[in-house]
Amino acid sequence: MLKATMHIDPSFQVAPVDDRVYSSFIEHLGRAVYDGIYCPDHSTADALGFRQDVKDLIRPLHIPLIRYPGGNFVSGYRWEDGVGPRESRPVRLDRAWRTLETNQVGPNEFAVWCKDIGAQMMMAVNLGTRGIDDACNLVEYCNHPSGSLYSNLRISHGVKEPYGIKVWCLGNEMDGPWQVGHKTADEYGRLALETARAMRKIDDKIQLVASGSSFPEMPTFPDWEATVLGHVYEDVDFLSIHQYLGDTTHDLKDFLAKSLTTEYFIRSVLATCDYVKAQKRSKKDMMLSFDEWNLWYHSVGGDEAYMKKTPWQYAPSLVEDIYTMADAAVFGTMLITILKHADRVKIACLAQLVNVIAPIMTVPGGGEAWLQTIYYPFLHATQYGHGTVLYTPAKSPKYDSKNFTDVPYLESVAVYNEEAGEVTVFAVNRSTEESLELEVQLNAFSSCELIEHIAMSHEDHTIVNGPSAARVQPRKVSGAQVQDKTLTAQLSPISWNVLRLKVK
Ligand code: AHR
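Now for a quick tour of the structure. All values reported here derive from a predicted model rather than from experimental measurement.

The strand order β2-β16-β20-β21-β27-β23-β24 describes an open sheet built from seven strands, whose pairing is antiparallel. Each edge of the open sheet carries a strand with a single partner, namely β2 (13–16) and β24 (475–476). Note that strand β23 (residues 448–456) and strand β27 (residues 495–503) share eight bridges and pair antiparallel. When the sheet's bridge partners are listed, H453 is paired in β27 with L499. Against the sheet, helix α10 (residues 325–340) touches β2, β16 (388–390), β20 (410–417), β21 (422–429), β23 and β27, its axis set at about 50 degrees to β20. Most of the contacts of helix α11 (residues 375–384) go to β27, to which it runs at about 15 degrees, and overall it touches β21, β23 and β27.

Moving on, we come to helix α6 (residues 223–232). Within the span of α6, buried status applies to W224, E225, V228, L229 and V232. Projected down its long axis, α6 carries its buried residues within an arc of 115 degrees, all on one side.

The next subject is the sheet that holds strand β17 (residues 394–395). Pairing is mixed in the open sheet, where five strands are placed in the order β17-β1-β22-β26-β25. The open sheet terminates on both sides in strands that have one partner only, identified here as β17 and β25 (481–483).

This next bit is on the site of the ligand. Close to the ligand lie F25, E27, G71, N72, W97, N172, E173, Y244, E292, W296, Q352 and I357. Interatomic distance of 2.7 Å between a side-chain N/O atom of E173 and an oxygen atom of the ligand. One of the side-chain N or O atoms of E292 is found 2.6 Å from an oxygen atom in the ligand. In isolation the ligand has 290 Å² of accessible area, and contact with the protein removes 95% of it. Residue composition of the shell around the ligand, grouped by class: five nonpolar, four polar and three charged.

Residues V167 and C169 point to one face of strand β8 (residues 167–170) and W168 and L170 to the other, with burial holding for every one of them. Note: strand β7 (residues 120–125) against β8, four bridges, orientation parallel. Of the residues in β8, the one forming a bridge with V125 is L170. Across four bridges, the pairing between β8 and strand β9 (residues 207–210) is parallel. Note on β9: the bridge partner recorded for V167 is Q207. Each parallel crossover has a hand, and for β8 linked through helix α5 (residues 185–202) to β9 it is right-handed.

This part is about the environment of A119. Examined against the element boundaries, A119 turns out to sit in the loop between α2 (107–116) and β7. Between the C-alpha atoms of A119 and A326, which are 207 residues apart in sequence, the distance is 30 Å. Not counting residues up to four positions away in its chain, the partners in contact with A119 are I63, P64, I66 and C114.

Attention now moves to the environment of N172. Within the secondary structure, N172 sits in the loop between β8 and α5. N172 sits 91 residues away from E263 along the chain, and the two C-alpha atoms are 22 Å apart. Discounting chain neighbours no more than four positions away, the residues touching N172 are R67, G71, N72, V74, S75, Q179, S211, H242 and E292. A distance of 3.2 Å separates a polar atom in the side chain of N172 from a polar atom in the side chain of N72.

Below, the discussion takes up unusual backbone geometry. The amide bond that connects G70 to the next residue, G71, takes the cis arrangement and shows omega of 20 degrees. Positionally, G71 belongs in the loop between β4 (65–68) and β5 (92–94). Along the chain, A351 connects to Q352 via a cis peptide bond; the corresponding omega equals -5 degrees. On the secondary structure map, Q352 appears in the loop between β13 (345–351) and β14 (360–362). The phi torsion at D484 lies on the positive side, around 50 degrees, for a residue other than glycine.

A few words now on the packing of aromatic side chains. One pass over the structure, following the stated rule, counts 19 aromatic pairs. Judged by centre distance (5.0 Å) and plane angle (90 degrees), the rings of Y244 and W296 are edge-to-face. Of the two residues, Y244 is situated in strand β10 (residues 238–245) and W296 in the loop between β11 (287–295) and α9 (302–309); the sequence distance between them amounts to 52 residues. For the ring pair Y399 and Y409, a centre distance of 4.9 Å and an interplane angle of 35 degrees mean the geometry is tilted. Pair noted here: Y399 is in strand β18 (residues 398–399) and Y409 is in the loop between β19 (407–408) and β20, with a separation of ten residues, a long-range link. Summarising the burial analysis for this pair, Y399 and Y409 share the class buried. Within the aromatic cluster, the residues linked to one another by ring pairs are Y34, Y38, F50, Y68, F110, W113 and Y314. The ring of F25 carries R67 above its face, with NZ or CZ at 4.7 Å from the centroid.

Under the definition given, this model contains 29 salt bridges. Close ionic contact of R59 with D56 constitutes a salt bridge, the shortest N to O distance being 2.6 Å. Taking the relative accessible area as the measure of exposure, R59 reaches 29% and is therefore partly exposed. Exposure remark for D56: the relative accessible area of 45% places this residue in the partly exposed category. Notably, a salt bridge pairs K476 with E452, separated by 3.3 Å at the nearest N-O pair.

Reading the values: rules and limits
Residues numbered from 1 in each chain as written. Predicted model: local features only at pLDDT ≥ 70, side-chain atom pairs only at ≥ 80, totals over all residues. Heavy atoms only, no water. Pairing = 2+ DSSP bridges. Helix = DSSP H or I, 4+ residues; strand = E, 2+ residues; numbered from the N terminus. Contact = heavy atoms within 4.5 Å. Axes fitted to C-alpha atoms, helices over the stretch in contact; angles between N-to-C directions. Buried < 20%, exposed > 50% of the residue type's maximum accessible area, 1.4 Å probe, protein only. Arc of directions from axis to C-beta. Near = heavy atom within 4 Å. Polar contact = N/O pair within 3.5 Å; in protein donor to acceptor, adjacent residues only side chain to side chain. Areas by Shrake-Rupley, 256 points an atom, 1.4 Å probe, with all protein chains shown as cover. Nonpolar A, V, L, I, M, F, W, Y, C, P; charged D, E, K, R; others polar. Right-handed = clockwise from strand over helix to strand, strands pointing away. Phe/Tyr/Trp six-rings, centres within 6.5 Å; stacked < 30°, edge-to-face > 60°. Lys NZ or Arg CZ within 6 Å of the ring centre and 35° of its normal. Salt bridge = Lys/Arg side-chain N within 4 Å of Asp/Glu carboxyl O.

Shape descriptors only; they carry no functional weight alone.
Structure below.
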């Protein structure tokens, strides 16, 4: 059996967890909005047409921010199309996904939906086909109290109080040639700077996210970051990063190691931020908004061919990956990696939330809603991952795979919730064959007891859930124990684990 050790000491702190790392994302894409959260004919639909049963599955996640309305979609979006009387809203051709956009859901309906699930909106502005004026008009519409053209327009649409939307994204993936209105780093940097300054004139309380590279393999990474930050460093609060992992080489051991690329990506982006900080003799540390992260590979390829052949459909099934147990483990390693960078990653959005690369699915045509494997690690993190991330040196046996060397079998992080007197260890065993015995030294605490060990694993790592088929779910497991301030637990092969401790 493999054996790994960890030391947990509450004085070795990385940083408090910013709860906004448990945010998510809903884009006007495929069946995320239409036939996902919005389904006016559904038996559980509310007055605006939103599915209550889907909201009930989202609520336990306590999502603080939901990024909206895109994604690639935002780069051609006209927000004015989505406000005012629904019957007079135009049907548009969405050029990003080549589908029909009816605009039956827009910022005001989405705001009601967010309030209902206890989330705030994280709004993106269109810097693809539009620019400074439209971004400012949207800030005025959403955040200005009254007495001006766009604030009065909002009031005439039945929304008396301003929304006070705090976090705004300056465009989306503007480095990508697939983006409508794709720009060079200099073009984007200049536009983002002037837009940021103008938006802050309307509302000086907003926080702004500049668009970083779409993924680490982009040929323009990290020059994109250096150039863009060269323009906007002092005028934005966050730089965005996006990454989707996948078993693209059909090699399980390699796939299970993929979060090492996330670690590399975060470190490289931070190094670039710090380089610009030094260049500018700045006192400010740039924070990261990891506003798209997940696994995305099952549906890649098929969707593009489908949309080429049959474009301009309403709510087609697009980007609907069905996640396996192994995917849930890789998802867990990504989540752990994000938490380990709690000092600089202050926002992270699981992309996305419903139907599109999502933890929550609905059967097309208003059918049953069901939970994917990846729902559970996210749920656990949002339930127990509050407090302070601790620096926890771990010793783990390692392996080499096709593209990686020295991959630790154990991926783990500890979060200390001082108020509740609890420590939670999130851990993944990457081994495909062997259980891993984890030994955690807790000498720094005067007392500690195990609350529970929750684990998710399956003898078949390809197992998936489906409608009325929750084949793989977390369960409480026995066997873990604390003796002489040492916790021991067995982690099954390819497993996600949550070890909860009561400490003093
Ligand atoms: O989340 C799906 C898409 O992935 C988003 O629209 C885009 O920003 C990214 O490429």
